[in-house]
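# Chain and residue survey
Below, each chain spelled out in residue letters.
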Amino acid sequence: MIFVSHYDSPLGILYLAADEEALKGVWFEGQKYFASGLKENGTEEKETPVLKRTREWLDLYFAGKDPEFLPPLAPDGSEFRKEVWKLLLTIPYGKTMTYGEIARIIALQRGLAQMSAQAVGSAVGHNEISIIVPCHRVVGSSGNLTGYAGGIDKKIKLLKLEGAWQERFFVPKKSTAP
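Residues numbered from 1 in each chain as written. Predicted model: local features only at pLDDT ≥ 70, side-chain atom pairs only at ≥ 80, totals over all residues. Heavy atoms only, no water.

Further remarks concern the overall build of the chain. From N to C terminus, the chain includes six helices and six strands. Each helix (α) and strand (β) of the chain, taken in turn from the N terminus, gives the series β-β-β-α-β-α-α-β-α-α-β-α. For 178 residues, the compact-globule formula gives about 16 Å, and the C-alpha radius of gyration of the chain, at 16 Å, lands near that figure. Looking at the chain as a whole, 47% of its 178 residues are labelled buried. (Helix = DSSP H or I, 4+ residues; strand = E, 2+ residues; numbered from the N terminus. Rg over C-alpha atoms; globule rule 2.2 N^0.38 Å. Buried < 20%, exposed > 50% of the residue type's maximum accessible area, 1.4 Å probe, protein only.)

Another point: unusual backbone geometry. Phi at Ile-131 is positive, roughly 70 degrees, even though this residue is not glycine. Within the secondary structure, Ile-131 is located in the loop between helix H5 (117–125) and strand S6 (138–139). Ile-131 sits in the buried class, given a relative accessible area of 0%.

Taking strand neighbours across the sheet as the criterion, the four strands line up as S3-S2-S1-S4 in an open arrangement whose pairing is mixed. Edge positions in the sheet fall to strand S3 (23–28) and strand S4 (43–45), since each of these pairs with one other strand and no more. Pairs of neighbouring strands in the sheet enclose a mean axial angle of 30 degrees, with direction left out of account. Direction of pairing for strand S2 (residues 12–18) relative to S3: antiparallel, over a ladder of five bridges. Residue Ala-18 lies in a different strand from S3, and its bridge partner there is Leu-23. Of the strands in this sheet, strand S1 (2–9), S2 and S3 touch helix H2 (residues 49–62), which is tilted by about 20 degrees from S1. (Pairing = 2+ DSSP bridges. Axes fitted to C-alpha atoms, helices over the stretch in contact; angles between N-to-C directions. Contact = heavy atoms within 4.5 Å.)

As far as function goes, none of this settles anything; it's purely spatial.
And the structure:
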């Protein structure tokens, strides 16, 4: 059984999901890949110790503090995605890393000459535990802000909240094409 609840963040409603032991997901309402896979497992609206701990983390984070703990995490995904998500957890609060840097680290860990930054980008984009697993801290090599399932506007606000915003970041213009 998956237990769910909502969290009213300054950036919009977050949908939280956990099993008995660990957090399975945190999504902005309506974001890309929103709550993917949860309906098949059955859900129940209920506050659990894991969800309570997640709320405590989010309260600290949105108060502009670096929470110095993590709720127990258990995102579902391939081994490669889990490897990328684990690396995301090493990006310090208030710092950023590029997709290419993550790809180089994974290549080194796997004993490979190189790793695709695009593959890393796909894994980052499918992160099921937004904010806590800090995919918003990943930027393009030239400082472009790409790939945030919750929306670039939220990514900018999260980076500003952490003091990680840099004027060198390039924000893509929204397309006006029909």
